[in-house]
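Observations on the three-dimensional arrangement
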Amino acid sequence: MAKNKQKILSIVLAGGEGTRLMPLTRDRAKPAVPFGGVFRLIDFPLSNLVNSDYRHIVVLTQYKSHSLDRHISQMWRFSSLLGNYVSPVPAQQRLGKHWYLGSADAIYQTINIIEDVQPDIVVIVGADHVYRMDFGQMVEQHIESGAEFTVAGIRQPIAQSNQFGVISVDPNHPNQIREFQEKPATTEGLPDDPNSFLASMGNYVANTDALFDALAKDEKAEDTKHDMGGDIAPYFAARGEAGVYDFNSNVIPGSTATDHAYWRDVGTLKQFYDAHMDLIAYVPEFNLYNQAWPIYTNSGTLPPAKFVHAGRDRLGHATDSIVSPGVIVSGGEVHHSVLSPNVRIHSWAQVVDSILFDNVVINRRARVYKAILDKNVVLTENSTVGIDTEHDLARGFTVTPDGITVVPKGTVVDD
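Cut-offs used in this document
Residues numbered from 1 in each chain as written. Predicted model: local features only at pLDDT ≥ 70, side-chain atom pairs only at ≥ 80, totals over all residues. Heavy atoms only, no water. Helix = DSSP H or I, 4+ residues; strand = E, 2+ residues; numbered from the N terminus. Rg over C-alpha atoms; globule rule 2.2 N^0.38 Å. Contact = heavy atoms within 4.5 Å. Areas by Shrake-Rupley, 256 points an atom, 1.4 Å probe, with all protein chains shown as cover. Lys, Arg positive; Asp, Glu negative; His and termini not counted. Charge placed at Lys NZ, Arg CZ, Asp CG, Glu CD. Pairing = 2+ DSSP bridges. Buried < 20%, exposed > 50% of the residue type's maximum accessible area, 1.4 Å probe, protein only. UniProt positions renumbered as here; feature names shortened; annotations may be inferred. Polar contact = N/O pair within 3.5 Å; in protein donor to acceptor, adjacent residues only side chain to side chain.

Attention now goes to the overall build of the protein. On a plain count of helices and strands, the protein comes out with 9 helices and 30 strands. For the protein, the C-alpha radius of gyration of 22 Å lies close to 22 Å, the compact-globule estimate for 415 residues. For the protein, long-range pairs separated by at least 24 residues make up 59% of all intrachain contacts whose partners lie at least 6 apart in sequence. A total of about 18100 Å² of accessible surface is found on the protein, and carbon and sulfur atoms cover 48% of it. Looking at charge distribution, the protein has the averaged site of its 35 positive side-chain charges lying 9 Å from that of its 48 negative ones.

The following block contains the structure:
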């Protein structure tokens, strides 16, 4: 990983409400949503920063932050010997009695914290993406380029341009941003790939003094959404001071050709579901088992998973699946699914193409197909989820246009 002598402060933007992930965000902030069995979304940016040797980290929180704050305080604790820390910071309301008005306003309202640290460079990352990244390599390019502000970019299908910040580069200077547009309705394709565009990953590196100046001007502006992507990045681009870092050039120890430069936005239920399916592929698109660049979390003290009953008519088994600690599959069948800690699958039950959060109980002969079950959901005997769409909708469950059924936390499903 890249090393430099600059003093770095990292800021994680974790205040998103996550309305597109409802009902999974009904009782928790989006960065606190469980992912991949044992992780939470916040674990991915924090692990990337820690693995990059950036261990002075501030996490800006806002909506429904209790479970997020608890996870950070229990899991992300460093020894104070070397002055390392991960510090959650709620909305300060330093500039008035209001919530953060946007990601730029969130940073501006905590500018006193940055001033106390006095960093040379600020690394700003989002908290709702799944990926591995060595931020040291991005910081190294930022310093060498002389840019005041650098945006991490990744190629995406052109049909998704309305979901991302769109980066146009200077043909004569491919590392310099010519124009930055936040979620335009349409955009042009790349010269070498008309079906793709360069999307902002929501990760930024900024020189502190330049960032302060831009945030102060944005705070006083009238035509602004106080957003890092929508306002601050275009400000630097218009001044010719914005660089772009190509995520495809980021080298991660232990990565393979399959999972190199893997990055997924999981802001919608379909994206969240699809990212889980990436994990359980025969050759996973994102390899959770890369211990050269680990994703850290609170693994707890749970016992190993257990599979019982091996009769001809009752075989407890799981295939093409992730099974977390504390799970017991007792005579049931699990296929192509992700089971979080302490899940119980009872005899003759079936779970297929699904994601089960902690403490879900699937009782005898119950069936679950293409569903996401939040924590503490219980299916009574012979109950179903994901079998009959009209029945699921009538019970108040969320069903996406792609046919993914989502059951809220603590629901008892009794047919």
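Having put the structure on the table, let's press on.
Right, let's talk about unusual backbone geometry for a bit. A cis amide bond links Met-22 to the next residue, Pro-23, at an omega of 5°. One can find Pro-23 in the loop between β1 (8-14) and β2 (34-35). Backbone geometry at Trp-348 places phi at a positive 65°, although glycine is not the residue there. Of note in the backbone geometry, Lys-370 takes a positive phi value of approximately 45° without being a glycine. Here Lys-370 is to be found in the loop between β24 (367-369) and β25 (371-373).

If you walk across this open sheet you meet the 5 strands as β15-β18-β21-β24-β27, and the pairing is parallel. Two strands close off the open sheet at either side, each with one partner strand: β15 (317-319) and β27 (384-385). Relative to β24, strand β21 (residues 350-352) runs parallel, the two sharing 3 bridges. From the neighbouring strand, Val-352 faces β24, where its bridge partner is Tyr-369.

This part covers the sheet that holds strand β28 (residues 398-399). The sheet built from 6 strands is open, its strands ordered β16-β19-β22-β25-β29-β28 with mixed pairing. Since the sheet does not close on itself, it has two edges, and those belong to β16 (322-323) and β28, each with one partner. Pairing between strand β22 (residues 355-356) and β25: 2 bridges, direction parallel. Note that in β25 the partner of Ile-355 across the bridge is Ile-372.

Another aspect to go through is the pairing of strand β11 (residues 196-207). Summarising burial for β11: 11 of the 12 residues are buried, a large majority. As paired strands, strand β6 (residues 121-126) and β11 are joined by 4 bridges and run antiparallel to one another. Paired with Val-123 across the bridge in β11 is Val-205. Relative to β11, strand β9 (residues 165-170) runs antiparallel, the two sharing 2 bridges. Across the sheet, Ile-167 pairs through a bridge with Leu-198, a residue of β11.

Feature annotation in UniProt assigns "binding site: alpha-D-glucose 1-phosphate" (unreviewed entry) to the following positions: Tyr-100, Gly-165, Glu-182, Lys-183 and Ser-200. If you trace the backbone, Gly-165 turns up in strand β9. Aside from chain neighbours lying at most four places away, what touches Gly-165 is Phe-180, Gln-181, Glu-182, Lys-183, Phe-197, Leu-198, Ala-199 and Ser-200. Note that Glu-182 resides in strand β10 (residues 173-182). The class of Glu-182 is partly exposed, set by a relative accessible area of 32%. If we ignore the near neighbours within four places in the chain, the residues touching Glu-182 are Phe-164, Gly-165, Asp-227, Gly-229 and Gly-230.

The topology assignment puts Asp-128 in the loop between β6 and β7 (129-131). The class for Asp-128 is buried, based on a relative accessible area of 15%. One polar contact links Asp-128 to Lys-30, side chain to side chain, over a distance of 2.6 Å. There is a polar contact of 3.5 Å between the side chain of Asp-128 and the side chain of His-129. If near-sequence neighbours (up to four positions away) are discounted, Asp-128 is found in contact with Lys-30, Leu-41, Arg-264, Asp-265 and Val-266.

Counting buried positions over the 6 residues of strand β4 (residues 56-61) gives 5, a clear majority of the element. Bridging between β1 and β4 involves 5 bridges; their strand directions are parallel. Its bridge partner being in β4, Ala-14 is matched across the sheet by Thr-61. With 5 bridges connecting them, β4 and strand β5 (residues 85-89) associate as parallel partners.

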